[in-house]
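Results of the structural survey
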Amino acid sequence: VVAWGGLQVAAALQENPRLMPAAARTGPVQNFVLKTNADGVLDAAWLRQTLALPKGATLMELDLQQLRARLLADGQVSAASLTRNFPDTLEVRIAERAPVARLQAQFADGAARTLLVARDGVVYAGTGYEAARVDELPWLDGVKLARAGSRFAPIEGMNAVADLLAQARLEADHLYATWQVVSLARLQSDREIEVRTKPGTVVVFGADGDFVLQIAKLDYQWERIAKLPTPPSKINLALGREVPVTFAAQPAPVPATAPAKSAPLFSLSPDSQPKNQREF
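These lines cover the structure that appears in this document, whether it is placed above or below. (Residues numbered from 1 in each chain as written. Predicted model: local features only at pLDDT ≥ 70, side-chain atom pairs only at ≥ 80, totals over all residues. Heavy atoms only, no water.)

**With respect to the environment of Lys144**
Going by this rule: Going along the chain from the N terminus, every DSSP run of H or I of four or more residues is numbered as a helix, and every run of E of two or more is numbered as a strand. When a residue's accessible area, from a 1.4 Å probe over protein chains only, is under 20% of the maximum for its type it is buried; when over 50% it is exposed; and in between it is partly exposed.
Considering the arrangement of structural elements, one finds Lys144 in the loop between β7 (139–141) and β8 (147–148). Given a relative accessible area of 78%, Lys144 falls into the exposed group. C-alpha of Lys144 to C-alpha of Ile155: the two residues are 11 residues apart in sequence and 7.3 Å apart in space.

Here it is as structure tokens:
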């Protein structure tokens, strides 16, 4: 009975903080509790910096809707809720997006920065990820990157790309490890996703086909051509049962002083911001 009574009092205080004695409502926020999903990487330091509470702020003074908006302004956060736990604790629950690809953008100040892309196409800077996790992500190409207010417009077609990458990691991780660039340039027009591998082979996947079957065919072909002195220039898996394999003429040797080919670079200038773009 005592325990039940304590729970009822606590619930009543959370629903109506005015029932809390004045002395308990005037103390500043002392503790932050952050709860995120199992694979989340954001921590208490990020939370304090993002919320930016005034020094000495009390729980009663906090505008929870405004603070929630600050959390959601970070594209890494897909959902957020805040709860006052009197007398001095703010509990925050968030859901984090997971990156499936990355891209390199050059901003107006000339600096190039790596941005991450989630399954739903949201582009964000990314905080708290280990370098090894970011380095294993393929680069993204063939997309339009533009501002939408203070953020970036979502990239269309990322659901199909995320499905392909997830199946590749599950079914043939040794192949996924060779994937360097994923291009969406032909996704809307031809329903094709092109993958450029580290050896230089371009692999074409049909976006509307069975990714598991296409990856199995690629694995079979890769075993057959692995022993060849020159890798094929293109493998097309988007034509159903037929899998054309194209070999190009052997190129001339590249001078040792030639610069290495970098990741696709997206230039972001003030002119790249579309008008009347819907925020997400």
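On we go from here.
**Considering the pairing of strand β3 (residues 89–96)**
The two faces of the sheet receive side chains in turn, since in a regular strand these alternate between them. Rules: The pairing criterion is simple: DSSP has to find at least two bridges between the two strands.
Most of β3 is tucked away: six of the eight residues are buried. Two elements, strand β1 (residues 31–35) and β3, share five bridges in a ladder whose sense is parallel. The partner of Val33 across the bridge, within β3, is Glu91. The pairing of strand β2 (residues 77–85) with β3 spans eight bridges and is antiparallel. Within β3, the residue paired with Thr83 across the bridge is Glu91. Following β2, the chain reverses through three residues before pairing antiparallel with β3.

**Some words on the side chain of Gln76**
Our working rule: Polar contact criterion, stated in full: a pair of N or O atoms within 3.5 Å, where within protein one must be able to donate a hydrogen and the other to accept it, and residues adjacent in sequence count only if both atoms are side-chain atoms. Any two residues whose heavy atoms approach within 4.5 Å at even a single point are treated as in contact.
Relative to the helices and strands, Gln76 resides in the loop between α4 (64–72) and β2. At 3.5 Å, the side chain of Gln76 and the side chain of Tyr129 are in polar contact. Ignoring sequence-local partners within four residues, the contact set of Gln76 consists of Val41, Leu42, Ala95, Glu96, Arg97, Tyr124, Gly126, Thr127 and Tyr129.

**A look at helix α3 (residues 44–51)**
For clarity, the cut-off: The directions considered for the arc are those from the helix axis to the C-beta atoms.
For α3, the complete set of buried residues consists of Trp46, Leu47 and Leu51. Seen along its axis, α3 keeps its buried residues to an arc of 120°; they face one direction. Relative to its buried face, α3 has exposed residues pointing more than 90 degrees away, namely Ala45 and Gln49. Against β1, α4, β2 and β3 lie the buried residues of α3. You can read the cap of α3 off the contacts: a side-chain oxygen lies 3.3 Å from the backbone nitrogen of Ala45, and it is on Asp43. The first or second residue beyond α3 is Ala52, which carries a positive phi of 50°.

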